[in-house]
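# Chains, contacts and geometry: an overview
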Amino acid sequence: MAALYVTATATSCYCSSSRFSFSLLFHVPELRPFAFNSRKRTTSLRCALSQDAKKALKDHDTVEIDSNNNNSIIHGLLLKETDQKGPMVDDDKSSETWSQFAKRVSGEWDGFGADFSNEGKPIELPESVVPEAYREWEVKVFDWQTQCPTLAQPEDRILEYKTIQLLPTVGCEADAATRYSIGERKIGGDDSGVTAFAYQSSGSYVAVWQKNDNLLELEYCLISPQDFESRVRIIQQINVIDNTKLVLQSIKVFREQWYGPFRNGEQLGGCAIRDSAFASTAPLIASEVSGVWHGSKAVAAFGTENSEIFQQLIDDKMQNTVRDGDDNILLLPKKLWTSLNQGKDGETLSEVGWLLDHGQAITASCLFSTSAKLKEISIALVTKAVEDV
């Protein structure tokens, strides 16, 4: 066993739940040896010390540890290593971010949902669910009225929600609304079917679901930074061919408003819903998407041995993006768009976007490797360059 010596003059030190008292030299005899992979590693030393101890260790916050010397002298107390893969997130900050996320995402989210083809065309509802009056009037119905009761547990880091489709009704028949289907999902904890999940404090998130060996489902939930009671969920269903090529199969879009605290779907929005059916309305104009966009990007890295399935998105870079008519962008109603493109390097980028007011947009993306493995999830708030507005 390697020994840890602390050289400092102090009366006491509290690290985690243990208390150490020492004078000039403190010896921890049973410290397990570190794995250094035959190189030097810079280690941050932090400890909640008394004022005397802080003064004594003032000049010893960072040290070099020589892996060839098992009896290394360390000036300070070892608390955590900074040489890790990816950004290190402080536990308290991460808990605070999740708590904010839970508050923003939880509640009764009601609205409308629709299916679109891989060409961005709306798909009619099955004739069997459309009221006879609509068929007699030759009215085409593309939208489901939907509910999405959502609850995020602040402490357990579990997110559960339902997507409820209601049968179409003629006029305002909120009391007669009948549930057609209920899809339940759970992220975190035991029996979670999610492959990857990334979130941020705004309430936005991205979830990746492996439906079967050859089918992925990418769920993007974006809350408007201009109105935290308004959000969209865009779901891409993607076929994976020979573990190398990703092909868009279909798209689901939900436009939802927040109607109050979580009640497990017991309260219907009915005629009080602040939105309306949208699938057959005019799509986004291409010129509104094309051009140069720049802004901040929050990232979560996946695909390595140390990657966690459940991650917080970390702001770490600025990005500039150029979009033009050759990006295979599918233009959707309500200022939404989506795309799935394979680059020259063989990697594939899935992206969705929501055009906001004042030349702003919120986007989310998933980057896949040449072997169709998830590498990165990101969410960005971007602004269109002045010359392109």
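Heads up: these notes are all about the structure in this document. Remember, it's a predicted structure, so these values are computed and weren't measured experimentally.

## Quick notes on the overall build of the protein chain
Scanning the protein chain for helices and strands turns up four helices and 26 strands. Each of the 389 residues in the protein chain was classed as buried or not, and the buried ones make up 45%. Counting only contacts in the protein chain whose residues sit at least 6 apart along the sequence, the fraction spanning at least 24 positions is 59%. Of the roughly 20500 Å² that the protein chain leaves accessible, carbon and sulfur atoms contribute 47%.

## A few points about the packing of aromatic side chains
Each pair of aromatic rings is reported with the distance of its centres and the angle of its planes. Enumeration over the complete set of coordinates arrives at 13 aromatic pairs. Residues Trp 98 and Phe 101 carry aromatic rings whose centres are separated by 4.9 Å and whose planes lie at 35° to one another, so their mutual orientation is tilted. Highlighted residues: Trp 98 and Phe 101, both in helix H2 (residues 91-105), separated by three residues, approximately one helical turn. A relative accessible area of 0% places Phe 101 in the buried class. Between Tyr 199 and Phe 310, the aromatic rings sit 5.8 Å apart at their centres with planes inclined by 55°, giving tilted as the arrangement. Here Phe 310 lies in strand S20 (residues 310-312) and Tyr 199 lies in strand S14 (residues 194-199), a separation of 111 residues in the sequence. Residue Tyr 199 is classed as buried on the basis of its relative accessible area of 1%. Using a relative accessible area of 23% as the deciding quantity, one classes Phe 310 as partly exposed.

## A look at the sheet that holds strand S22 (residues 330-332)
If you walk across this open sheet you meet the seven strands as S21-S19-S26-S25-S24-S23-S22, and the pairing is antiparallel. Strands with a single pairing partner mark the edges of an open sheet, and in this sheet they are strand S21 (314-323) and S22. In this sheet, neighbouring strand axes are inclined to one another by 20° on average, regardless of whether the strands run parallel or antiparallel. Sheet topology places strand S24 (residues 348-355) next to strand S25 (residues 360-368); eight bridges connect them, and they run antiparallel. Paired with Thr 348 across the strands is Phe 368, a residue of S25.

Calculation rules
Residues numbered from 1 in each chain as written. Predicted model: local features only at pLDDT ≥ 70, side-chain atom pairs only at ≥ 80, totals over all residues. Heavy atoms only, no water. Helix = DSSP H or I, 4+ residues; strand = E, 2+ residues; numbered from the N terminus. Buried < 20%, exposed > 50% of the residue type's maximum accessible area, 1.4 Å probe, protein only. Contact = heavy atoms within 4.5 Å. Areas by Shrake-Rupley, 256 points an atom, 1.4 Å probe, with all protein chains shown as cover. Phe/Tyr/Trp six-rings, centres within 6.5 Å; stacked < 30°, edge-to-face > 60°. Pairing = 2+ DSSP bridges. Axes fitted to C-alpha atoms, helices over the stretch in contact; angles between N-to-C directions.

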